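# Results of the structural survey
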Amino acid sequence: MEKIILNGILVDSQTNFRKVILDINKNNLDIIKFNNDKFLVPSLELYFNLNCVKKVNFKKISQVLLMLGLKGKKLSDFPLSYSNSDKYKLLLATALINNSSCLLLVFPNLYLDDCNMNLILNVLKKLSKEYNKNIYIVSNQIDFLYRECDNLIIYKKNNILFNSNRNNLYEKKDLLLSNGYCLPPILNFIFETETMKKVKLSPTFDIKELMKDIYRNV
């Protein structure tokens, strides 16, 4: 059985975030949710003192910051001066230092550019594989979640429409479309090819696999 590495949670504007947390129902859950007020402290040192569950030395902090692409940060830094991308990574750094067993990242793609997002995704996959962390990513972008997450939970308001491996999403396309969701672009292409050209391609999240399938069938 394929190991689930990342879990994606697709929400709409009417989904209650508290309901999402209750449905996850995991102990030691750390929510990485952007809040600028958290950075209203005079130094990075005080930020960690306030947000870490136990006192940690700067060597440990430096190792985590380096892993997340925050090299060169100093304890005397004013966190509010950081970019939104660095602030989000700082929130994740705190969760990693606290050694939470379950991480819930809320809209990381709003704050991280593609380069930083790829770096963070690689870190998350390593945490899941090597340290058995449960990783959840909340977003309202189906393409992002379908591309990056192994398992998908899709909400409509407070009801779960889909909760399965992403490989099963295409067969539920009618359910998504009837509830106002668009298919991820790669699945929409496969759907239109099947509908208009009568060519059946295998559903995939990998553009390279799609190109191979097109070459074989078209």
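Above this note sits the structure.
Residues numbered from 1 in each chain as written. Predicted model: local features only at pLDDT ≥ 70, side-chain atom pairs only at ≥ 80, totals over all residues. Heavy atoms only, no water.

## Quick look at the environment of Leu80
- Within the secondary structure, Leu80 sits in the loop between helix H3 (58–67) and helix H4 (84–97).
- Relative accessible area serves as the criterion here: at 26%, Leu80 is assigned to the partly exposed category.
- In sequence terms Leu80 and Val199 are 119 residues apart; their C-alpha atoms lie 53 Å from each other.
- Ignoring sequence-local partners within four residues, the contact set of Leu80 consists of Asn36, Phe39, Leu40 and Lys87. (Helix = DSSP H or I, 4+ residues; strand = E, 2+ residues; numbered from the N terminus. Buried < 20%, exposed > 50% of the residue type's maximum accessible area, 1.4 Å probe, protein only. Contact = heavy atoms within 4.5 Å.)

## Description of the pairing of strand S2 (residues 29–32)
- Here S2 shows a buried face lined by Asp30 and Ile32 and an unburied face lined by Leu29 and Ile31.
- In terms of strand pairing, S2 meets strand S3 (residues 102–106) through 4 bridges, oriented parallel. Each residue of the ladder has a partner; that of Asp30, found in S3, is Leu103. (Pairing = 2+ DSSP bridges.)

## So, the environment of Asp213
- With respect to the element layout, Asp213 can be found in helix H9 (residues 207–217).
- We classify Asp213 as buried; its relative accessible area is 5%.
- In sequence terms Asp213 and Lys200 are 13 residues apart; their C-alpha atoms lie 9.4 Å from each other.
- From its side chain, Asp213 meets the backbone nitrogen of Ser202 in a polar contact 2.6 Å long. (Polar contact = N/O pair within 3.5 Å; in protein donor to acceptor, adjacent residues only side chain to side chain.)

## What about unusual backbone geometry?
- A positive phi angle, close to 60°, is found at Asn99, a residue other than glycine.
- Positionally, Asn99 belongs in the loop between H4 and S3.
- Backbone geometry at Lys198 places phi at a positive 60°, although glycine is not the residue there.

## With respect to the side chain of Ser100
- Looking at the element boundaries, Ser100 is found in the loop between H4 and S3.
- Ignoring anything within four residues of it in the chain, the contact list for Ser100 reads Asn28, Asp30, Ala95 and Lys133.

## Regarding the packing of aromatic side chains
- Per the counting criterion, the structure on display carries 6 aromatic pairs.
- Aromatic side chains Phe34 and Phe39 sit 6.1 Å apart centroid to centroid with 45° between the ring planes, which places their arrangement in the tilted category.
- Using a relative accessible area of 0% as the deciding quantity, one classes Phe39 as buried.
- With a centroid separation of 6.4 Å and 85° between ring planes, the pair formed by Tyr146 and Phe205 is classed as edge-to-face. Residue Tyr146 is found in helix H6 (residues 142–148), and its partner Phe205 is found in the loop between helix H8 (185–196) and H9; the two are separated by 59 residues along the sequence.
- Tyr146 sits in the buried class, given a relative accessible area of 3%.
- Given a relative accessible area of 30%, Phe205 falls into the partly exposed group. (Phe/Tyr/Trp six-rings, centres within 6.5 Å; stacked < 30°, edge-to-face > 60°.)

## So, the pattern of salt bridges
- If you walk through the whole model with that rule in mind, you get 9 salt bridges.
- Here Glu148 ties to Arg147 by a salt bridge, and the two come within 3.4 Å at their closest N and O atoms.
- What makes Glu148 buried here is its relative accessible area of 14%.
- Each of Lys73, Asp86 and Lys89 takes part in one network of salt bridges that share partners. (Salt bridge = Lys/Arg side-chain N within 4 Å of Asp/Glu carboxyl O.)

## Examining H4
- The end-to-end C-alpha separation of H4 is 20 Å, in line with the 20 Å expected for 14 residues at 1.5 Å each.
- Counted residue by residue, H4 has 13 buried out of 14 residues, so it is predominantly covered.
- Positioned one or two residues after H4, Asn99 has a phi angle of 60°, which is positive. (Expected span 1.5 Å × (residues − 1).)

These figures capture arrangement, not role.
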